[in-house]
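# Residue-level structural notes
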Amino acid sequence: MPLHESAALEAFGETRLRQVARLAALERAHTDALNDLGSVVVTRAMITLLKDCIAAGIDEHRVVAALRPA
């Protein structure tokens, strides 16, 4: 893989990592406001983002850490 593609993949993974952390924080902060459908949508979004992180080569420990409260 050319260097620019590797850098782009890493940047993609870092963006996805921030997004999953943000979704996890929102889910914790607004658990009462989410109905069943909202919970399903958030969960599916997080799963998709997590898979993107892993595919981009983000270390598994960093992915798990993004799900934890800051």
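Since we're looking at a predicted model, the values are computed, not measured. (Residues numbered from 1 in each chain as written. Predicted model: local features only at pLDDT ≥ 70, side-chain atom pairs only at ≥ 80, totals over all residues. Heavy atoms only, no water.)

### Focus on the environment of Glu27
Formally: Helix numbers and strand numbers start at the N terminus; a helix is a DSSP run of H or I with at least 4 residues, a strand a run of E with at least 2.
Along the chain, Glu27 turns up in helix α1 (residues 3–29). Placed 11 residues apart in sequence, Glu27 and Gly38 show a C-alpha to C-alpha distance of 9.5 Å.

### Topic: helix α2 (residues 36–55)
As a reminder, the rule being used: To estimate how far a helix should reach, multiply one less than its number of residues by 1.5 Å. Per-residue accessibility, obtained with a 1.4 Å probe over protein chains only, is compared with the maximum for each type, and a residue is labelled buried under 20%, exposed over 50%, and partly exposed between these values. It is the directions from the helix axis to the C-beta atoms that the arc portrays.
The end-to-end C-alpha separation of α2 is 29 Å, in line with the 28 Å expected for 20 residues at 1.5 Å each. Those residues of α2 lying buried are Gly38, Val42, Met46, Leu49, Leu50, Asp52 and Cys53. On an axial view of α2, the arc spanned by its buried residues comes to 160°, and they lie on one face. Turned more than 90 degrees away from the buried face of α2, the exposed residues are Asp36, Leu37, Arg44, Lys51, Ile54 and Ala55.

### Thoughts on the environment of Ala66
Defined as follows: Any two residues having at least one pair of non-hydrogen atoms within 4.5 Å are treated as being in contact.
Within the element layout of this structure, Ala66 appears in helix α3 (residues 60–67). The exposure class assigned to Ala66 is buried, which follows from its relative accessible area of 11%. Sequence spacing of Ala66 and Leu23 is 43 residues, and the spatial spacing of their C-alpha atoms is 9.6 Å. Not counting residues up to four positions away in its chain, the partners in contact with Ala66 are Leu17, Val20, Ala21 and Ala24.

### A look at a nonpolar patch on the surface
Note the threshold: Residues enter patches when their relative accessible area tops 30% and they take part in no salt bridge; the joining distance is 9 Å for like charges and 5 Å for the nonpolar side chains Val, Leu, Ile, Met, Phe, Trp and Tyr. Note that accessible areas follow from Shrake-Rupley with a 1.4 Å probe, and for residues the cover is restricted to the protein chains shown. What makes a salt bridge here is a side-chain nitrogen of Lys or Arg within 4 Å of a carboxyl oxygen of Asp or Glu, nothing more.
There is a patch of nonpolar side chains on the surface, built from Leu37, Val40 and Val41 and spanning about 270 Å² of accessible area. Mapped onto the fold, Val41 is located in helix α2.

### A few points about the pattern of salt bridges
In this structure the tally under the stated criterion is two salt bridges. Note that Glu14 and Arg62 form a salt bridge whose closest N and O atoms lie 2.8 Å from each other. Of the two residues, Glu14 sits in helix α1 while Arg62 sits in helix α3, which places them 48 residues apart along the sequence. Of the residues examined, Arg62 reaches a relative accessible area of 38% and is grouped as partly exposed. For Asp52, the salt bridge is made with Arg16, and the minimal N-O distance between the two is 2.8 Å. In this pair, Asp52 sits in helix α2 while Arg16 sits in helix α1, placing the two residues 36 residues apart along the sequence. What makes Arg16 partly exposed here is its relative accessible area of 22%.

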